[in-house]
Number of protein chains: 2
Amino acid sequence: MLEDQQVSAGVGVPAARAARCATTDLFSVVLDLLREVGYDRMTIDAVAARAHVSKATIYRRWDGKAELVVAALSDRQVGVLNPPDTGSLRGDLLELLRATAAICVADCDLMQALTFAMRTSPELERLVRHQVLPAGRVASTAVLVRAAARGEIPPEAGERDLFHDLAPALLMSRLVAHGLPADDAFLTQVVDQVLIPVLTYRQDRPSQA
Amino acid sequence: MLEDQQVSAGVGVPAARAARCATTDLFSVVLDLLREVGYDRMTIDAVAARAHVSKATIYRRWDGKAELVVAALSDRQVGVLNPPDTGSLRGDLLELLRATAAICVADCDLMQALTFAMRTSPELERLVRHQVLPAGRVASTAVLVRAAARGEIPPEAGERDLFHDLAPALLMSRLVAHGLPADDAFLTQVVDQVLIPVLTYRQDRPSQA
């Protein structure tokens, strides 16, 4: 994404839009190939052939396969996980969960395969952890910032790193371990029984214990 | 486990203990082989040879590979996830998390490999979902029953199915996605920032929202 922005920065609007479309197409090809053949068997040659670009074009912007895959994944996360401002914490969380669930459902296999590939590719592992996972937090951070500004959650609630992992972890558990649908009934349970209790909890409040 | 208990029920104590030890040894061999060659390549022949038992002995008690693997996994979950009664919800949750983390750390690869194998073996998938996952809830249910009896959590808190998935889901996310240690500092965060807020939340309490 950074490279993408840097490359686009110096060109005019129509050219930038064209470059943006070409990048989006390229990223689609990358994700399609990942789903079809897996990370280990995906090659830059195959990406270039299917996207009708030269390998040189790809290597000008990305150092290699791991960087290209991670750029495609981060781009999709930032693009898809951009829920509207509904005006309330509960509404924002539900929208965020629907967007997250759509990614998880569509790419359950892809995510499992990449987790597997990370075990044999330290470069992929490093990039996923430093770029893809943080990209997934952009939207949930925005939701928490808005909720804190409205006074719906204590200011420190947004600083708890664990919160950002809750929804993805529960969604993957639901889909992969239990094989059950991530329908609206389930997403509402996650919001009302887990996310809101975690966010509105005040540690200095006298405990029930 | 059920079969194990049924087989042992009619014999004397020393014989039952011997049968129990033999079963424990057999289950160890199953888990070792799973780690070494994976589910797809593991055979009943290999299990029998390494455990020094006949294939007939195995087939008398388990219908096939999926049943044997699931019995070994369920047995370990019930055996390991048996935390002491510390007298408080927080203490019990910490002990439970330490036991769960020990399994996840030891068998992170095994769990990922089995999740993969479930995609091509419907029988394994069915058994994992109906036997292994419920076996993992025995200990956390016991912790909640004790906490409700002490008045530390509302009675309905124990009925929320989602609770039981929280700790395993966050542990796998921590280990697999983030590649960070499930140390005591992390486990304490999970207890204090997630599990206790979720369990002590009262839905009829006026919301901050």
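Since we're looking at a predicted model, the values are computed, not measured.

Q: Would you explain the overall build of chain A in this entry?
A: From N to C terminus, chain A includes ten helices and zero strands. Counted from the first residue to the last, chain A has its helices and strands arranged as α-α-α-α-α-α-α-α-α-α. Counting every position in chain A, which comprises 209 residues, the buried fraction comes to 50%. Within chain A, residue pairs in contact and separated by at least 24 positions form 67% of the contacts whose partners lie at least 6 positions apart. For chain A, the computed accessible surface area is about 9,800 Å², with 57% contributed by carbon and sulfur atoms.

Q: Quick question: what am I supposed to make of the relation of the copies chain A and chain B here?
A: Here two copies of a chain appear, and what relates them is a rotation about an axis with a shift along it. If you rotate chain A by 180° and push it 0.0 Å along the axis, it lands on chain B with an RMSD of 0.0 Å. In the structure described here, the two chain copies are related by an operation that fits a two-fold rotation axis. Mapped onto chain B, 100% of the interface residues of chain A again fall at the interface, so both copies present the same surface.

Q: Quick question: what am I supposed to make of the domain arrangement of chain A here?
A: Residues and elements named next belong to chain A. When the domains of chain A are assigned, the result is domain 1 (2–63) and domain 2 (79–200). With five residues of domain 1 at the contact, the number on the domain 2 side is eight residues. A buried area of about 490 Å², summed over both sides, lies between domain 1 and domain 2, and 68% of it is on carbon and sulfur atoms. A per-residue breakdown of the area domain 1 buries against domain 2 is headed by Leu34, Arg35 and Tyr39, which together make up 80% of the total. Counting across the interface, domain 1 meets domain 2 through one salt bridge. Aspartate 107 serves as the salt-bridge partner of arginine 35, at 2.7 Å between the closest nitrogen and oxygen. Grouping the amino acids of the side of domain 1 that touches domain 2 by side-chain chemistry returns three nonpolar, no polar and two charged.

Q: Can you help me understand the interface of chain A and chain B in this one?
A: Interface size is often expressed as the accessible area that is lost when the parts come together. Counting residues at the interface gives 40 residues for chain A, matched by 40 residues for chain B. A buried area of about 3,600 Å², summed over both sides, lies between chain A and chain B, and 61% of it is on carbon and sulfur atoms. Where chain A touches chain B, the interface holds zero salt bridges. The interface formed by chain A and chain B includes eight residue pairs in polar contact (both at pLDDT 80 or more).

Q: Explain the confidence of the model for chain A here, please?
A: All names here are of chain A. Averaged over every residue, the pLDDT of chain A is 84; the share at 70 or more is 86%. Taking the mean pLDDT of every element in chain A, the minimum, 40, falls on helix H1 (residues 2–9) and the maximum, 96, on helix H3 (residues 44–51). Every residue in residues 1–11 scores below 50 in pLDDT, and together they form nine contacts with partners more than four places removed in sequence or on other chains. Scored below 50 in pLDDT, residues 205–209 shows seven contacts in the model against residues more than four places distant or in partner chains. This complex was scored by the predictor with a pTM of 0.80 and an ipTM of 0.79.

Q: Even after reading the chapter, I still don't get the pattern of salt bridges, so can you show me in this structure?
A: Applying the stated criterion to the full structure yields 34 salt bridges over all chains. A salt bridge links Arg126(B) to Glu123(B), with the nearest nitrogen and oxygen atoms 3.2 Å apart. Taken together, the residues span about one helical turn, with Arg126(B) and Glu123(B) both in helix H7 (residues 122–135) at a distance of three residues. In this structure, Arg150(B) and Glu152(B) form a salt bridge, with 2.7 Å as the shortest nitrogen-oxygen distance. One network of salt bridges, in which partners are shared, links Asp85(A), Asp92(A), Arg146(A), Arg150(A) and Glu152(A).

Q: What should I look at first to understand the environment of Val194(A) in this one?
A: In this fold, Val194(A) is placed in helix H10 (residues 184–200). Those residues in contact with Val194(A) that sit more than four places away from it in its chain are Leu166(A), Leu170(A), Gln189(A), Leu162(B), Leu166(B) and Val198(B).

Q: Sorry if this is basic, but what is going on with the environment of Ala71(B) here?
A: All names here are of chain B. If you trace the backbone, alanine 71 turns up in helix H5 (residues 65–80). On the basis of relative accessibility, which here comes to 4%, the residue alanine 71 falls in the buried class. Distance in space between the C-alpha atoms of alanine 71 and valine 132 is 8.0 Å, their sequence separation being 61 residues. Other than its neighbours up to four places away in sequence, alanine 71 contacts Phe27 and Trp62.

Q: Looking at this model, I keep getting lost on the environment of Leu26(B). Mind explaining?
A: Residue and element names in this part refer to chain B. On the secondary structure map, leucine 26 appears in helix H2 (residues 13–41). With 25 residues separating them along the chain, leucine 26 and alanine 51 place their C-alpha atoms 5.7 Å apart. Once residues lying within four places of it in the same chain are set aside, the contact partners of leucine 26 are Val47, Ala51, Val53, Ile58, Trp62 and Leu68.

Q: Would you mind going over the packing of helix H8 (residues 137–149) of chain B against helix H9 (residues 162–177) of chain B with me for this structure?
A: Residue and element names in this part refer to chain B. Contact geometry of H8 with H9 gives a least axis separation of 10 Å together with a crossing angle of 120°. With respect to their mutual orientation, H8 and H9 come out oblique. In this structure, the crossing between H8 and H9 has a hand that is right-handed. Residues Arg137, Ser140, Thr141 and Leu144 of H8 form the contact with H9, whose own contacting residues are Phe163, His164 and Asp165. A class-by-class count of the residues in the contact of H8 with H9 yields two nonpolar, three polar and two charged.

Cut-offs and rules
Residues numbered from 1 in each chain as written. Chains lettered and ligands numbered in written order. Predicted model: local features only at pLDDT ≥ 70, side-chain atom pairs only at ≥ 80, totals over all residues. Heavy atoms only, no water. Helix = DSSP H or I, 4+ residues; strand = E, 2+ residues; numbered from the N terminus. Buried < 20%, exposed > 50% of the residue type's maximum accessible area, 1.4 Å probe, protein only. Contact = heavy atoms within 4.5 Å. Areas by Shrake-Rupley, 256 points an atom, 1.4 Å probe, with all protein chains shown as cover. Least-squares fit on C-alpha atoms with pLDDT ≥ 70 in both. Domains from an automatic or database assignment. Buried area = accessible area lost by both parts, 1.4 Å probe. Salt bridge = Lys/Arg side-chain N within 4 Å of Asp/Glu carboxyl O. Nonpolar A, V, L, I, M, F, W, Y, C, P; charged D, E, K, R; others polar. Polar contact = N/O pair within 3.5 Å; in protein donor to acceptor, adjacent residues only side chain to side chain. pLDDT = per-residue confidence, 0-100. Axes fitted to C-alpha atoms, helices over the stretch in contact; angles between N-to-C directions. Parallel < 35°, antiparallel > 145°, perpendicular 65-115°, else oblique. Left-handed = near helix turned anticlockwise from the far one by under 90°.

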